Amino acid sequence: MSDTDPFDDIIDAETDRDPDLAVIEAGSRTLRTAGGAAPASAEVPTRPQDPEVDRALRAVEADLATRWGETKLEPSVSRIAALMDVLGEPQRAYPSIHITGTNGKTSTARMIETLLGAFDLRTGRYTSPHVQSITERITLDGAPISAERFVETYDDIKAYVEMVDAQQEFRLSFFEVLTGMAYAAFADAPVDVAVVEVGMGGSWDATNVIDADVAVVTPIDLDHTDRLGGTTGEIAVEKGGIIKQDATVILAQQPVDAAQVLLKKAVEVDATVAREGLEFGVVSRQVAVGGQMVTLRGLGGEYEEIFLPLHGGYQAHNAAVALAAVEAFFGIGTQRPEPLDIDTVRKAFAAVTSPGRLEVVRRSPTVVLDAAHNPAGARATAEAVGEAFDFSRLIGLVGASADKNVRGVLEAFEPVFAEVVITQNSSHRAMDADELAAIAVEVFGDDRVQVEPRLDDALEAAITLAEEDGEFSGGGVLVTGSVITVGEARLLLGRG
C-alpha cells in the first residue's frame, strides 16, 4: 500500500486468485499416529451408515456414471432447458446469484452463502466438482443434502430426465442431470435464494437457465482454453453469458481485454455494474492469527475490522466481491443507501470456511492441502503460503490432471518448494506420474524431484523429507495440483 488513499491502490492490485475447487470438508485423524492431528473442520458427508441408503446412493451414482462426464461437452443449453420445461421451471421459483470466472468461484460462493444465511435467508448452493461425496454439490442452509434426500430428488426427476433423453439428439449429461436435481431440490425446500456456480464458461453452461438478479464474475485467467478460447478476452465472451437483462453485475478485477468484453455485454443488456477497485474493494488488510483482519469498502460504505479466518490476499479480494454481491442482492447502492449491519457482516465472515485452500490437516510436520490447479491459482498459493506459514523447508506433493498447464503450476511453486514429490491420483484424467516428473525435472532439476506413483507412498515420502532436519525443524508439506489429489490425500490422512 502507498501513502495515498489506500482505496486508490486497489486498481493496481494483483489479479491472481484461487482456483475452482469442490466443497472439501472433514473430521480429523492422522496418517501416522506419531503426528499431531489438526483441528477438525466442518463435517463432510461420508458413505451412509445405513446399508439400504448406501445401496440406493450407489445405484444413483452408477446411473449417473453412464452419462457423459464433465469433460465431454456439447455446447448447448437445449437439453437442460427441455428438462426445466417438463419439471415446471423450478429454477424460477427463487431469486439467484450466479457466479462465473476462472479463479475464486467456490470460495466466493461460500462467502455469499454464509452472509445471506447470517441475514436469516434460507440458502441453496450448487458447486462443482465434488471430492468425497456427490452430495456435496447441493447444499441447503450451508450443509450438503443428505444421501436420502439426494436419492429422493433423483427418483423424483428420473422419469422426466428419461423423457428428455428420448427427445434429444444426445442424452442429458452427468452435470446437466445434477443441475436439474439442484434446481428441483431448491424449489422443493424451498429456498429464499440460490447461489449457483457455473461448471464451465457461462453462455452454454447447464446452470445458465436461470436469470439471476446478481451476476458475479470472479477473476478470469487462462484455463480450459481448448473450449473457452485462447485469450482472457475470448474467455470473457463465454463467461459474460450469465449477465442478463437489468441484472446487477459484480466484477472482480479483470485483465483489460476481459473487462472490456464484460462491460460491453453489461451495456448491451442494460445491466448495472459494480467494479472492484472503483465501486468496492479491499481498503486494508493485516495478517492475524488464524487469518487476517480486513477493512472492505462495499456499495454502502466501509466495513471495518472484519476478521476473515482464511489466509492470502486473494481471499480478502474474494470477500470484497462476496460482500458487494450480497449488498447488490439487498438493493444497497440502488434502492437502499444504508450499508448492511456491520455486526452481522463481522459474524458471518468470522464463520466462513474455504476447505482445501491452505487447509492444515496434520501437525508435526504440518501438512497443508491446497487445490491450486492452474498457474494463476498456484502463484496465489505460493505467495500466501509464505505469508501464512513460517516453514523453514517446504516439500511439495503434486498430482495433476493431464489437461492442465502443469508446467505453469510447477514453475509457480518452484521458488517455494525445497523438493517436490510427484504422484498421480486415481482419476482417469490424472497425468501419469512419470510424465509429470519429466516436466518437474526440467523445472526443478533432477536432484529436487522424487517420484512416487501411489499417493499413499507419496505422502509418506513427503512427510519423511519434511522431517529430515528433525522434529522441530519447521518443515512442512503442501499437497496440491488437483482437487482430486487433495480429496484423496484427505481420505488417506483420515479426514472425511
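Look up: the structure comes first, before these words.
These numbers come from a predicted model, not from an experiment. (Residues numbered from 1 in each chain as written. Predicted model: local features only at pLDDT ≥ 70, side-chain atom pairs only at ≥ 80, totals over all residues. Heavy atoms only, no water.)

Visitor: What is the right way to look at the overall build of the protein in this model?
Guide: When helices and strands are tallied, the protein shows 15 helices and 18 strands. Going through the 496 residues of the protein one by one, you find that 58% of them count as buried. The long-range share in the protein, meaning contacts at least 24 apart out of those at least 6 apart in sequence, stands at 75%. Split by element, the accessible area of the protein, about 18900 Å² in all, is 48% carbon and sulfur. (Helix = DSSP H or I, 4+ residues; strand = E, 2+ residues; numbered from the N terminus. Buried < 20%, exposed > 50% of the residue type's maximum accessible area, 1.4 Å probe, protein only. Contact = heavy atoms within 4.5 Å. Areas by Shrake-Rupley, 256 points an atom, 1.4 Å probe, with all protein chains shown as cover.)

Visitor: When you look at the packing of helix 3 (residues 105-118) against helix 10 (residues 342-350) in this model, what are you seeing that I'm missing?
Guide: Between two packed helices, the angle of one axis relative to the other and the distance separating the axes together describe the packing. The interhelical angle for the contact between helix 3 and helix 10, taken along N-to-C directions, is 135°, at an axis separation of 9 Å. When the interaxial angle is binned, helix 3 and helix 10 end up oblique. Considering how the two elements wind past one another, helix 3 and helix 10 form a crossing that is right-handed. Each of Met111, Thr114, Leu115 and Ala118 in helix 3 lies in contact with helix 10, whose residues at this interface are Thr344, Val345, Ala348 and Phe349. For the contact of helix 3 with helix 10, a count of residues per class yields six nonpolar, two polar and no charged. (Axes fitted to C-alpha atoms, helices over the stretch in contact; angles between N-to-C directions. Parallel < 35°, antiparallel > 145°, perpendicular 65-115°, else oblique. Left-handed = near helix turned anticlockwise from the far one by under 90°. Nonpolar A, V, L, I, M, F, W, Y, C, P; charged D, E, K, R; others polar.)

Visitor: Quick question: what am I supposed to make of the packing of aromatic side chains here?
Guide: One pair of aromatic rings is described through two measures. These are the centre distance and the angle between the planes. All told, the structure shown has eight aromatic pairs when counted by the stated rule. Relative to Phe417, the ring of Phe413 has its centre 4.8 Å away and its plane inclined at 10°; by these criteria the two rings are stacked. Feature note: the residues Phe119, Phe329 and Phe330 constitute an aromatic cluster, connected by ring pairs. (Phe/Tyr/Trp six-rings, centres within 6.5 Å; stacked < 30°, edge-to-face > 60°.)

Visitor: How do you make sense of the side chain of Thr248 when you look at a structure like this?
Guide: As for its position among the elements, Thr248 is in strand 8 (residues 248-251). Excluding residues within four positions of it along the chain, Thr248 makes contact with Asp213, Val214, Ala215, Thr272 and Ala328.

Visitor: Would you mind going over the pattern of salt bridges with me for this structure?
Guide: Two side chains with opposite charge may pair up if their charged atoms get near one another. Enumeration according to the criterion identifies 29 salt bridges in this entry. With a closest N to O distance of 2.8 Å, Asp54 and Arg47 form a salt bridge. Residue class for Arg47 comes out partly exposed when judged on its relative accessible area of 30%. A salt bridge links Arg346 to Asp343; its shortest N-O distance comes to 3.6 Å. Note that Arg346 and Asp343 are positioned in helix 10 at a spacing of three residues, about one turn of the helix. Connected via shared salt-bridge partners are Arg47, Asp54, Arg58 and Glu61. (Salt bridge = Lys/Arg side-chain N within 4 Å of Asp/Glu carboxyl O.)

Visitor: How should the environment of Phe175 be read in this particular structure?
Guide: The topology assignment puts Phe175 in helix 5 (residues 174-188). Sequence separation between Phe175 and Gly199 is 24 residues; the distance between their C-alpha atoms is 8.0 Å.

Visitor: Can you walk me through a negative patch on the surface in this structure?
Guide: A cluster of acidic residues, Asp50, Glu148, Glu152, Asp155 and Asp156, forms a negative patch at the surface. Given a relative accessible area of 39%, Asp50 falls into the partly exposed group. (Patch = residues over 30% accessible without salt bridge, like charges linked within 9 Å, V, L, I, M, F, W, Y side chains within 5 Å. Lys, Arg positive; Asp, Glu negative; His and termini not counted. Charge placed at Lys NZ, Arg CZ, Asp CG, Glu CD.)

Visitor: Help me out: how do you make sense of the sheet that holds strand 3 (residues 123-126) in this one?
Guide: Strand pairing in a sheet is mediated by backbone hydrogen bonds. Such pairs are either parallel or antiparallel. One open sheet holds the eight strands; their spatial order is 5-4-3-6-2-7-8-9, and the pairing between them is mixed. Each edge of the sheet is formed by a strand with only one pairing partner; in this case those strands are strand 5 (143-144) and strand 9 (272-275). Relative to strand 6 (residues 193-197), strand 2 (residues 96-100) runs parallel, the two sharing four bridges. Counted as the bridge partner of Ile97 is Val195 from strand 6. (Pairing = 2+ DSSP bridges.)

Visitor: Can you walk me through the pairing of strand 3 in this structure?
Guide: Regular strands have side chains that alternate between both faces of the sheet. The two faces of strand 3 match: Thr123 and Arg125 on one face and Gly124 and Tyr126 on the other face are all buried. Alignment of strand 3 against strand 4 (residues 138-140), held across three bridges, turns out to be antiparallel. Across the sheet, Arg125 pairs through a bridge with Thr139, a residue of strand 4.

Visitor: Explanation requested: the sheet that holds strand 10 (residues 281-288) in the structure shown.
Guide: Pairing in this open sheet of three strands is antiparallel, and the strands run 10-11-12 from one edge to the other. Each end of this open sheet is capped by a strand with a single partner; those strands are strand 10 and strand 12 (301-308). Along the sheet, successive strands turn relative to each other by an average axial angle of 15°, direction set aside. As paired elements, strand 11 (residues 291-298) and strand 12 share six bridges and run antiparallel to each other. Residue Arg297 lies in a different strand from strand 12, and its bridge partner there is Glu302. Strands in contact with helix 9 (residues 313-329) are strand 10, strand 11 and strand 12; relative to strand 11, the strand with the most contacts, it is inclined by about 40°.

Visitor: How should the side chain of Gln315 be read in this particular structure?
Guide: Its location among the elements puts Gln315 in helix 9. At a separation of 3.0 Å, a polar atom in the side chain of Gln315 contacts the side chain of Asn318. (Polar contact = N/O pair within 3.5 Å; in protein donor to acceptor, adjacent residues only side chain to side chain.)

Geometric values such as these leave the question of function open.
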